Amino acid sequence: TQEQELAESYKVKGYPTLIFFKRGSPIDYSGGRQADDIVAWLKKKTGPPALEVSSAEQAKELIAANNVIIFGFFPDQDSEKAKVFLNAAGLVDDQVFAIVSDEKLVEELEAQAEDVVLFKNFEDPHNKYEGEEFSEDALKSWVFVQSMPTIVEFSHETASKIFGGQIKYHLLLFLSKKNGDFEKY
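Residues numbered from 1 in each chain as written. Predicted model: local features only at pLDDT ≥ 70, side-chain atom pairs only at ≥ 80, totals over all residues. Heavy atoms only, no water.

The protein chain carries the name protein disulfide-isomerase in an unreviewed UniProt entry, which gives Heliconius xanthocles as its organism. In its Sequence similarities (unreviewed entry) section, UniProt records this for the protein chain: "Belongs to the protein disulfide isomerase family." Per UniProt, the protein chain has the following entry under Subcellular location (unreviewed entry): "Endoplasmic reticulum lumen". (UniProt positions renumbered as here; feature names shortened; annotations may be inferred.)

Quick look at the structure:
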């Protein structure tokens, strides 16, 4: 509010507004409003798109520590599919991606070369990508759909994920928390 000219030059219309600068270029913040969302978004913008996994223990720790994590199993990181995976990882700001290159570790984690597997701590905990097309857009859509629970409680935090994503059709159920039977439903 004090630096009106500066705010106008970056098209700031509301507060708070976060703008990330990388090599002098502004990038609009597109993450959630919670501290964890902001930290995850910044880590994605400042670090590698996918974490390098070098042991089964590290893989298990990452799976346990994240609600959702996407693993790419690519012994050859220069392959076309590996490049598509890493590009998709760089585009999806709200999820953690990991890459496994060691062939023995790929086997140890019960995967095959060029598999992409999404692990989550709800519903079906292990989802392998089996789409016909292996593209950045296809992977992004698949990650979004698989990382959303089937039933999501509507709140200020979840609204943008519910209505701003790849899922265009919704069934809404209105329940009162005051009736005492909310958890049952």
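Q: Whenever I open this one, the pattern of salt bridges confuses me. Can you help?
A: Pairing of side chains with opposite charge becomes possible as their charged atoms draw close. If you walk through the whole model with that rule in mind, you get two salt bridges. Close ionic contact of Lys128 with Asp115 constitutes a salt bridge, the shortest N to O distance being 3.4 Å. With Lys128 in strand E7 (residues 126-128) and Asp115 in strand E6 (residues 115-120), this residue pair connects regions lying 13 residues apart in the sequence. Asp115 gets classed as buried once you look at its relative accessible area, which sits at 10%. Notably, a salt bridge pairs Glu153 with Lys177, separated by 2.7 Å at the nearest N-O pair. Taken as a pair, Glu153 in the loop between helix H6 (136-147) and helix H7 (159-163) and Lys177 in the segment after H7 lie far apart in primary sequence, 24 residues in all. The exposure class of Glu153 is partly exposed, given its relative accessible area of 43%. (Salt bridge = Lys/Arg side-chain N within 4 Å of Asp/Glu carboxyl O. Helix = DSSP H or I, 4+ residues; strand = E, 2+ residues; numbered from the N terminus. Buried < 20%, exposed > 50% of the residue type's maximum accessible area, 1.4 Å probe, protein only.)

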